[in-house]
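# Summary of structural features
Below are the chains, spelled out letter by letter.
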Amino acid sequence: MSLLDDSSFRPAGEIDAIVPNEFGVYAIRLRRGAGFPEPFQSLLAARVTRLLYIGQAEKQTLPKRLLGNELRARGNGTFLRSIGAVLGYRPVFGAMAGRARVQNYRFAPADRAAIVAWMNVNLEVSWSVLSQPTVHETEVALIREHTPLLNLQDNPRALPELEALRLECRAIAAGVSGS
């Protein structure tokens, strides 16, 4: 699959007009020479990869899921929450208190803007259009094979460090603990 070929990746800040309005899978990686916070930089180096995340646009199209939710912070993207936590951002304390889906925490508007700006400079993205019924199984197979650093679900090498950061963010958003 060409999804992970070097020639398929484009700078994250330059893709808005070219992402097709289709279903599919996407890959996000660190640009060559870009730095990443520790311990994640060392973990990437140990895995000899720059691949951060593989996602799916199965219920939403690529522009809505990849651009809207993940790269432009207009929705509740799993990757966005993970990258924000790794970069040191935390949600507003108690912002999700009493809500059923505290895992869908969001960062403050200024923090979201800073995360998006960082992604535009430091990340590259690739996508592959697929028929909607094959999207989920393709994503799971790719995650299991390539073990992207920031995928937790279906990843045999999921990082406990990332899970701990995500749990911390959920607790902060729920108003359970502060940092």
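By the naming in an unreviewed UniProt entry, the protein chain goes by GIY-YIG catalytic domain-containing protein and is assigned to Demequina capsici.

On to empty space enclosed by the protein. To locate leftover empty space, one rolls a probe as large as a water molecule over the atoms. Throughout the structure, instances matching the rule amount to 1 cavity of 30 Å³ or more. By volume, the largest cavity is sized at about 40 Å³. If you go around the largest cavity, the residues you meet are Ala73, Gly75, Asn76, Gly77, Leu80, Arg81, Tyr105, Arg106, Phe107 and Arg112. Taken together, the residues of the lining of the largest cavity break down into 4 nonpolar, 3 polar and 3 charged.

Another aspect to go through is the nonpolar core. Core analysis: the largest hydrophobic core is formed by 41 residues, its most contacted members being Phe36, Leu52, Leu71, Phe79, Met119 and Leu150. Going through the elements one at a time, strand E2 (24-30), helix H1 (40-47), strand E3 (51-57), helix H2 (62-71), helix H3 (78-86), helix H4 (109-122), strand E4 (123-129) and helix H6 (160-174) are the ones with two or more residues in this core. At 5 residues, the largest contribution of residues to this core is made by H3. With residues near it in sequence (within four places) discarded, leucine 150 still touches Phe36, Phe40, Leu52, Tyr53, Phe79, Ser82, Ile83, Val86 and Leu162. Val25, Ala27, Ile54 and Leu130 belong to the second-largest nonpolar core, a separate cluster that totals 10 residues.

As a further point, take H3. Think of an α-helix as 3.6 residues a turn; residues three or four steps apart then line up on the same face. Here H3 lies mainly inside the structure; 8 of its 9 residues are buried. Where H3 terminates, the next one or two residues include glycine 88, which has phi positive at roughly 100 degrees.

Roughly 660 Å³ of volume is contained in the largest pocket. Contributing to the lining of the largest pocket are 28 residues, with Tyr53, Gln56, Arg65, Thr78 and Gln153 lying nearest its centre. Secondary structure elements with two or more residues in the lining of the largest pocket: E3, H2, H3, helix H5 (135-146) and H6. Tallying contributions element by element places E3 first for the lining of the largest pocket, with 4 residues. Looking at the lining of the largest pocket residue by residue, the classes come out as 6 nonpolar, 11 polar and 11 charged.

With that settled, consider the environment of serine 7. One can find serine 7 in the segment before strand E1 (10-11). Given a relative accessible area of 58%, serine 7 falls into the exposed group. Here the alpha-carbon distance between serine 7 and glycine 55, two residues 48 residues apart in the chain, equals 19 Å.

Basis of the calculations
Residues numbered from 1 in each chain as written. Predicted model: local features only at pLDDT ≥ 70, side-chain atom pairs only at ≥ 80, totals over all residues. Heavy atoms only, no water. 1 Å grid on protein atoms, 1.4 Å probe; cavity = no way out; pocket = protein on both sides within 12 Å on 5 of 7 lines; lining within 4 Å. Points joined across faces, edges and corners; volume = space filled by probe spheres on them. Nonpolar A, V, L, I, M, F, W, Y, C, P; charged D, E, K, R; others polar. Core = buried A, V, L, I, M, F, W, Y, C linked by side-chain atoms within 4.5 Å. Buried < 20%, exposed > 50% of the residue type's maximum accessible area, 1.4 Å probe, protein only. Helix = DSSP H or I, 4+ residues; strand = E, 2+ residues; numbered from the N terminus. Contact = heavy atoms within 4.5 Å.

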